[in-house]
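# Structural overview
These are the residues of each chain, in order.
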Amino acid sequence: MSKELIRLVNCSMAFDGELVLDNMNLYFNDSEFLTLLGPSGCGKTTTLRIIGGFITPTSGEVLFDGVRMNDIPPHLRQVNTVFQRYALFPHLNVFENVAFGLRIGRTEEKEVNGKKKKVKVRIPQEEIRQRVLEMLEVVSLKGFENRRINELSGGQQQRVAIARALVNRPKVLLLDEPLGALDLRLRKDMQSELKRIQQQMGITFIYVTHDQEEALAMSDTIVVMDQGRIQQIGTPEDIYNEPKNAFVADFIGESNILDGIMHEDYVVEFFNRKFKCLDKGFAPMEPVDVVIRPEDIDIVPKEQGQLRGTVTSVTFKGVHYDTIVDFKGFKWLIQTTDYHPVGETIGIILNPDDIHIMHKSQYSGMFGDYSSYSEEYEEMDDVTMLDEEEEGSSREDGHEE
Amino acid sequence: MKKQRRTGSRVFMALVFLFLYAPIFLMIIFSFNAGNSSVVWQGFSLHWYEELFQDRTIMRSFYTTILVSLLATVIATIAGTFAAVGFYSMRRRTRSALMTVNNIPMTNADIVTGVSLCLLFVTVFGGWNYLAENYRFTFNWLGTLYRLTLPKLSLGFGTMLIAHITFNIPYVILSVGPKLRQMDRNLVDAAQDLGCTWMQAFFKVILPEIKPGIISGALIAFTMSVDDFVISYFTAGSSVSTLAMEIYSMARRRISPEINAISSLLFVVVILLLTANNIREARAEKALAKRRY
């Protein structure tokens, strides 16, 4: 059975009076692959650094196996970290980088003649050699021992960083956006590689990323964060199919989010029309957010449709077309393999399991409208997102001139 | 017309170099002059260099220079390196304020530094010596009465060493600081993550990374020390003198070709040190460029 390893209790973190982490409660199980997912500034890296021991939370407790660890420095914790830009030691070769942690003698408390004494424990040379070579084999870098770090490609450096952390046999491996600096192809390869290593070693991975695809592909559990708070915890399927609020729905994949009213269990109204759905447990006539995933929408001839709209833009994406359709002034994104030209009026049909209902939240009305759709939306990573939102209005004005 | 301008600028450049280097070359040439004159060439000879190495005052001041420069360099390099590490871990605003304070002594006129250090030593020592003269400390330990006399202090090798350390530290900080900022901040975290205490991380990771900066800082400090006249002059007192001070006092007595010889040697040493430092820095840059490919 999975056992709880680390627990954060009411952890808050403030830098210069600015709250970065707001009353976080979270536990991490043995040998699970958990991902902290969110835009930058959401507190995910801060959470990781608290677990690693690089910063102490302003308030709250960090528990390892039920023992308070707040003030234990990083070098005495049984966790190891893979850093964002690897942070390999440039003056050492591959072997020495991996051996680094083993060569540092750990001080351990031992009982000598009934007295507790701090004893330096050194690992014998031969064991170091064996463990390093073993670990290089795990990360598929056999034969690279004598290479210099600057002679390695990004992907190889990545593997050295993983080997360097894992060779110390930590209970938990922390990974801070480890694939961020790699190109797309290599990133996909490393995703499955990381998953394989995690299963082979049987230890807990805590993985920080802002890439939702990466999170969905690798994780057992995803923790979606924003503004220092946990928005949702669940399996990848849960998070994708049953997002808790507009933020999660928008951050994980693409979503059309509409205002609706829940009439009774299994009946929701939007666009002045009642639809059947699979959700229940809402108050009668409760205003809700309705999520419809762009790939779930079926396009039919306009006479047969439950709703009718006009195509305003089509973008070819390889597997499908991103089609923007105007329904009474509200623009939806529909992903379809059939081509419908701009100006065509189409009908759509929504099945009950295409519709997902969420309670209203602070994020309602902020996401899910594709009126300002542009091709860049996918490249819009979290760093530029804030800027885009601020500049968005002025830029649109510019176009109209 | 374009050609004319080019010749014009070339002539100008030639003049600049002439005024900069002609005196030095003249000095070096005449240091090999056989005769006593500094104007008329009387044949090649190493006579003045022989004279130089037999002159006991000059040799003593030479040893003083080397000793004070080496000691000042070692101490200033250690202190400056740790200061740079301290600056590095400060907030940006505090750091830039302190860096300005650090830079002032370098742009400050030597004479001001020299006079103010001299004043400081004289004032502090004056107070100390007053205490030493007027108070005798006696105490009883294990039945024996001990009398403690404070030693009198005066300007000398010690004060000069302190002065040299003081004006060398900013140069070390200035050359170590950029190396620290170039370093990946996560390296220290990574070392600690792998079991290092902060001190172990410093010696195993930070030090190898900033070594080039430390070496060039030390070289600059040594050059500045060997080269310094004004500050030494004000802080050395009357009992010790450095090579630069010795040359100055010789020149005041009479212009001897010996001065040419010793100045030439000093010039060559400083040039060698600077060249060595430049070559090293160029190489380091090349290596860095390679690392980033």
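Residues numbered from 1 in each chain as written. Chains lettered and ligands numbered in written order. Predicted model: local features only at pLDDT ≥ 70, side-chain atom pairs only at ≥ 80, totals over all residues. Heavy atoms only, no water.

## Some words on the overall build of chain B
- Secondary structure assignment for chain B yields 11 helices and two strands.
- In sequence order, chain B lays out its α and β elements as α-α-α-α-α-β-β-α-α-α-α-α-α.
- In terms of overall dimensions, chain B is more spread out than a globule: its C-alpha atoms have a radius of gyration of 25 Å, far above the 19 Å expected for 293 residues.
- In chain B, buried positions account for 38% of the 293 residues.
- Contacts in chain B between residues at least 24 apart in sequence constitute 68% of all its contacts with a sequence separation of at least 6.
- Only carbon and sulfur atoms are counted for the fraction: they give 67% of the accessible area of chain B, which is about 17,900 Å².
- If you average the places of the 28 positive and of the 15 negative side-chain charges in chain B, the two averages end up 9 Å apart. (Helix = DSSP H or I, 4+ residues; strand = E, 2+ residues; numbered from the N terminus. Rg over C-alpha atoms; globule rule 2.2 N^0.38 Å. Buried < 20%, exposed > 50% of the residue type's maximum accessible area, 1.4 Å probe, protein only. Contact = heavy atoms within 4.5 Å. Areas by Shrake-Rupley, 256 points an atom, 1.4 Å probe, with all protein chains shown as cover. Lys, Arg positive; Asp, Glu negative; His and termini not counted. Charge placed at Lys NZ, Arg CZ, Asp CG, Glu CD.)

## Overview of the sheet that holds strand 16 (residues 286-292) of chain A
Residues and elements named next belong to chain A.
- Taking strand neighbours across the sheet as the criterion, the five strands line up as 15-14-13-16-22 in an open arrangement whose pairing is antiparallel. In this open sheet, the two edge strands, each paired with only one partner strand, are strand 15 (273-276) and strand 22 (355-359). Ignoring which end each strand starts from, the neighbouring axes of this sheet average 45° apart.
- Pairing analysis gives three bridges linking strand 13 (residues 256-264) to strand 14 (residues 267-270), with the strands arranged antiparallel. Each residue of the ladder has a partner; that of Ile261, found in strand 14, is Glu269. (Pairing = 2+ DSSP bridges. Axes fitted to C-alpha atoms, helices over the stretch in contact; angles between N-to-C directions.)

## Focus on the confidence of the model for chain A
All names here are of chain A.
- For chain A, the mean per-residue pLDDT works out to 83, and 89% of the residues sit at or above 70.
- Of all helices and strands in chain A, the one with the weakest mean pLDDT is helix 9 (residues 382-400) (37), whereas strand 3 (residues 33-37) scores best (93).
- Every residue in residues 375-401 scores below 50 in pLDDT, and together they form 15 contacts with partners more than four places removed in sequence or on other chains. (pLDDT = per-residue confidence, 0-100.)

## Let's talk about a nonpolar patch on the surface
- Residues Phe12(B), Met13(B), Val16(B), Phe17(B), Leu20(B), Tyr21(B), Phe25(B), Ile29(B), Trp41(B), Phe44(B) and Leu46(B) make up a contiguous nonpolar surface patch of about 1,200 Å² in total accessible area.
- Tracing the backbone shows Leu46(B) in the loop between helix 1 (2-31) and helix 2 (47-54). (Patch = residues over 30% accessible without salt bridge, like charges linked within 9 Å, V, L, I, M, F, W, Y side chains within 5 Å. Salt bridge = Lys/Arg side-chain N within 4 Å of Asp/Glu carboxyl O.)

## As for the domain arrangement of chain A
- Considered domain by domain, chain A is made up of domain 1 (4-238) and domain 2 (255-390).
- Between the C-alpha centres of domain 1 of chain A and domain 2 of chain A the distance comes to 39 Å. (Domains from an automatic or database assignment.)

## Observations concerning the interface of chain B and chain A
- In this assembly, 20 residues from chain B lie in contact with 27 residues from chain A.
- Of the roughly 2,000 Å² buried where chain B meets chain A, counting both sides, 58% is carbon and sulfur surface.
- Counting across the chain B and chain A interface gives two salt bridges.
- Between Asp16(A) and Arg91(B) there is a salt bridge, with the nearest N and O atoms lying 3.4 Å from each other.
- Put simply, chain B and chain A have seven residue pairs in polar contact (both at pLDDT 80 or more) between them.
- Of all the secondary structure elements, the ones that give two or more residues to the side of chain B that touches chain A are helix 7 (186-193) and helix 8 (198-227) of chain B.
- Taken together, the residues that form the side of chain B that touches chain A break down as eight nonpolar, five polar and seven charged. (Buried area = accessible area lost by both parts, 1.4 Å probe. Polar contact = N/O pair within 3.5 Å; in protein donor to acceptor, adjacent residues only side chain to side chain. Nonpolar A, V, L, I, M, F, W, Y, C, P; charged D, E, K, R; others polar.)

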